[in-house]
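# Inside the fold
Residue strings, one per chain:
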Amino acid sequence: MSVIWMNPWKEETARSHIRQSSEYRILPAQIFLQVLNALSPHCCLHLDPLIGQWPPYVISPSFYGTPTLQTGDSDSYVRRQAKKNQTEEGNRLYELGTKMLNQSKSQKQKEEAYLFFARAADKGNLNAMEKMADAMLFGDLRAQNISAAINLYESLAKEGSHTAQNALGFLSSYGIGMEYNQAKALVYYTFGSAGGSMMSQMILGYRYLSGINVLQNCEVALTHYKNVANYIADKLEKNEGVPVEKVRLTERLENLSSNSEILDWDVYQYYKFLAERGDIQIQVSLGQLHLIGRKGLEQDYYKALYYFLKAAKAGSANAMAFLGKMYLEGNPAAPQNNVTAFKYFSMAANKGNAIGLHGLGLIYFHGKGVPVNYVEALKFFQKAAEKGWPNAQFQLGFMYYSGSGVWKDYKLAFKYFYLASQSGQPLAIYYLAEMYATGTGVLRSCRTAVELYKGVCELGCWAEKFLTAYFAYKDGDINSSLVQYALLAEMGYEVAQSNSAFILESKKATILKKEQMYPMALLLWHRAAVQGNAFARIKIGDYHYYGYGTKKDYQTAVTHYSIAVDKYHNAQAMFNLAYMYEHGLGISKDIHLARRLYDLAAETSPDAHIPVFLALLKLETMHLIKDIVYFKFNVRWKWLKLDNTLGSYWDIFMIVVIMVMLLLLLRNRPD
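These figures come from a predicted structure and were not determined experimentally.

Moving on, we get to the overall build of the protein. Helix and strand content of the protein: 34 helices and five strands. Buried residues in the protein amount to 45% of all 671 residues.

In structure tokens:
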């Protein structure tokens, strides 16, 4: 190893030069040569005989007497360069995998995408490692492997991955593959939120809203939900919203395959047949479904364009308007073209189509191919809003809210935002939340703002798991379905809470211990009930009635059945409550009230007619049997209401009657 002997008086000069360089401690030869110029002729340098060139050098901390500059490892620069190349290669592979995954239309393409993620993870790419861990947790790629996912998440968490921290928090909160520990889950969520995890922020927002393992605090919930809602609103403004299909597993099994949220494959084929036969309405409907990817169908711009063109040629104003929308926004099938968009919007608007009128308003509002003209935009938005188009109502609200081309008028803004929100327009809901959160144009209401923000947050990309969880359930992959629904349930989705509870109740999942199933299901039913699910409220009553996951408590069961009756007028709850009144379970026995509740159940739901008939038949039969079998004088006298008919001294009267009868018998007794 070659050595540089340095004059002690020159050591500080060398240090100052090195601190100013981009590399400190490990220096390439080029930078070190600049240091040498300041040191000569007070030092001497020898070539490294092994490599025959100027070696890299390392600053030594020594100061007196001994060599103060010495060569470092000759491979250090090579190692750094190799690490840099490895990082760049990892990033490239991750980007390729992400692009392939977004464009994948088959399981094989997804597997190829994950092969890229695996190679990127091998290069040390943290994002790819997160993808692989998620795939193992949710079973996105072949078999689910929760223990391997946890090991990878724990390694990533040490590197500061907020995705890993959120995942570990979720697993701790359910006790899936880890110890059930709500305190630890809260810590993980807090760190995940601080690191920028939108899912952690949403979970914390829900916990503070509902007071789950934390003190209920609306303002803290508002802060978390607002952060997530801002992120979602930005996506929605760029037309990147995710359609959300939420299938309830609590529906009857025969209805699951024909659920209105998911289009059955056979029905889809029939619709395609009708579309090819010239059914304009079906053509427009299929075009819309493919345009945004609804009802379980993949997003396919080419198919959407195909169906819209067929319908437009047949004179459909809606199809013309949607063609205008496609060309205005731009996509692979219809590249962005303002002129073409204007043409199709005009054709639809001339037919009085609200979507076409709204499209022309957008063109003038944003100046797409024409000068910005707020007056024209306002005119078209008003015409479309009068026809009830929610997007136009939102745009009018936004113009009055922001003062774009009109005077600011928060009352009018609120009016139009509210109208649009009634049709579920997400950005209108977001701006209503903003107004309630800040007290702009309305009386400030933290609770209302949080509820509105929560609705916007539930449109995030994570809602895609509703579909994958549902298909996993249909395919019999119960564990994968449960994990996905459970994560969504943790984020506050009511449908996911009831679906998770339903799966746990069935005891088909194997990722939780049997003794955990009912208590966890009861917890989830309770959370769903608090959010307004009547079926969940009845389930809580059932669990307390039968003692599932808790001790038997008839009084608590009566309380929950009563809430379901009073608040939701639920026929099942009426029937259950009638049964408890009939038998005096958890409440005073009242046959008349039981009859009344049975009758109400039959009036409320046609499905209750037969059960109610049988229950009333049983009630009357049992009542008759009791009258016959347990017939006694005191019961009979009570039934005759002798106090009312003979007065309060009826017993004395009866004694006199008996004595008279005895006297008559004695008198007539034969000698």
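Moving on from the coordinates now.
Attention shifts here to helix 25 (residues 494-506). Taking 1.5 Å per residue as the helical rise, helix 25 with its 13 residues ought to reach 18 Å, and the 19 Å between its terminal C-alpha atoms agrees with that figure. Most of helix 25 sits out of view: eleven of its 13 residues are buried. Among the residues making up helix 25, those that are buried are Glu-494, Val-495, Ala-496, Gln-497, Ser-498, Asn-499, Ser-500, Ala-501, Ile-503, Leu-504 and Glu-505. Buried residues in helix 25 make contact with helix 9 (198-210), helix 23 (465-474), helix 24 (478-490), helix 26 (514-530) and helix 27 (534-546). Where helix 25 terminates, the next one or two residues include Lys-507, which has phi positive at roughly 60°.

Quick look at helix 20 (residues 410-421) now. The terminal C-alpha atoms of helix 20, which comprises twelve residues, lie 16 Å apart, in line with the 16 Å expected from a rise of 1.5 Å per residue. Tucked into the core, helix 20 has its buried residues touching helix 19 (390-402) and helix 21 (426-438). The residue sitting at the N-terminus of helix 20 and contributing the capping side-chain oxygen is Asp-409; that oxygen lies 3.2 Å from the backbone nitrogen of Lys-411.

Our focus in this paragraph is the confidence of the model for the protein. Residues of the protein with pLDDT of at least 70 account for 81%, and the chain-wide mean is 82. Contacts from residues 1-71, a stretch scored under 50 in pLDDT, to residues over four places away or in other chains number 109 contacts.

The final tally for this structure, using the stated rule, is 35 aromatic pairs. Centre to centre, the rings of Tyr-546 and Tyr-548 are 5.5 Å apart; their planes meet at 20°, and the pair counts as stacked. Given the relative accessible area of 46%, Tyr-546 is considered partly exposed. Under the relative-accessibility criterion, Tyr-548 is labelled partly exposed at 35%. Taken together through their ring pairs, the aromatic side chains of Phe-365, Tyr-374, Phe-381, Phe-394, Phe-398, Tyr-401, Tyr-410, Phe-417, Tyr-430, Tyr-431 and Tyr-453 make up a single cluster.

Turning our attention to the side chain of Asn-353. Topologically, Asn-353 is positioned in the loop between helix 16 (338-350) and helix 17 (354-366). Overall, Asn-353 belongs to the buried group, its relative accessible area being 9%. A polar atom in the side chain of Asn-353 sits 2.9 Å from the backbone nitrogen of Gly-356. Beyond its immediate sequence surroundings of up to four residues, Asn-353 is in contact with Ala-317, Asn-318, Ala-321 and Ala-348.

Unusually for a residue other than glycine, Asn-213 sits at a positive phi of about 60°. Tracing the chain through its elements places Asn-213 in the loop between helix 9 and helix 10 (218-237). One non-glycine residue, His-569, lies in positive phi territory at about 50°. Note on placement: His-569 falls in the loop between helix 28 (554-568) and helix 29 (571-583). By relative accessible area, which is 52% here, His-569 ends up exposed.

Another point: the pattern of salt bridges. All chains considered together, the criterion is met by 15 salt bridges. As a salt-bridge pair, Glu-219 and Arg-444 come within 3.1 Å of each other at their nearest N and O atoms. Of the two residues, Glu-219 is situated in helix 10 and Arg-444 in the loop between helix 21 and helix 22 (446-457); the sequence distance between them amounts to 225 residues. With a relative accessible area of 38%, Glu-219 lands in the partly exposed category. One salt bridge in this structure joins Glu-329 and Lys-325, with 2.7 Å as the shortest N-O distance. Of this pair, Glu-329 and Lys-325 both sit in helix 15 (residues 317-329), four residues apart, which is roughly one turn of that helix.

Along the chain, Leu-459 turns up in the loop between helix 22 and helix 23. Residue classification places Leu-459 among the partly exposed positions, given a relative accessible area of 24%.

In contact at an axis separation of 8 Å, helix 19 and helix 20 are set at 160° when each is read in the N-to-C sense. Accordingly, the angle class assigned to the pair helix 19 and helix 20 is roughly antiparallel. Here helix 19 and helix 20 pass one another in a crossing that is left-handed. Judged by residue contacts, Pro-390, Gln-393, Phe-394, Leu-396, Gly-397, Phe-398, Tyr-400 and Tyr-401 of helix 19 engage Tyr-410, Leu-412, Ala-413, Tyr-416, Phe-417, Leu-419 and Ala-420 from helix 20. Class assignment of the residues belonging to the contact of helix 19 with helix 20 gives a composition of 13 nonpolar, two polar and no charged.

The rules we used
- Residues numbered from 1 in each chain as written.
- Predicted model: local features only at pLDDT ≥ 70, side-chain atom pairs only at ≥ 80, totals over all residues.
- Heavy atoms only, no water.
- Helix = DSSP H or I, 4+ residues; strand = E, 2+ residues; numbered from the N terminus.
- Buried < 20%, exposed > 50% of the residue type's maximum accessible area, 1.4 Å probe, protein only.
- Expected span 1.5 Å × (residues − 1).
- Contact = heavy atoms within 4.5 Å.
- Polar contact = N/O pair within 3.5 Å; in protein donor to acceptor, adjacent residues only side chain to side chain.
- pLDDT = per-residue confidence, 0-100.
- Phe/Tyr/Trp six-rings, centres within 6.5 Å; stacked < 30°, edge-to-face > 60°.
- Salt bridge = Lys/Arg side-chain N within 4 Å of Asp/Glu carboxyl O.
- Axes fitted to C-alpha atoms, helices over the stretch in contact; angles between N-to-C directions.
- Parallel < 35°, antiparallel > 145°, perpendicular 65-115°, else oblique.
- Left-handed = near helix turned anticlockwise from the far one by under 90°.
- Nonpolar A, V, L, I, M, F, W, Y, C, P; charged D, E, K, R; others polar.

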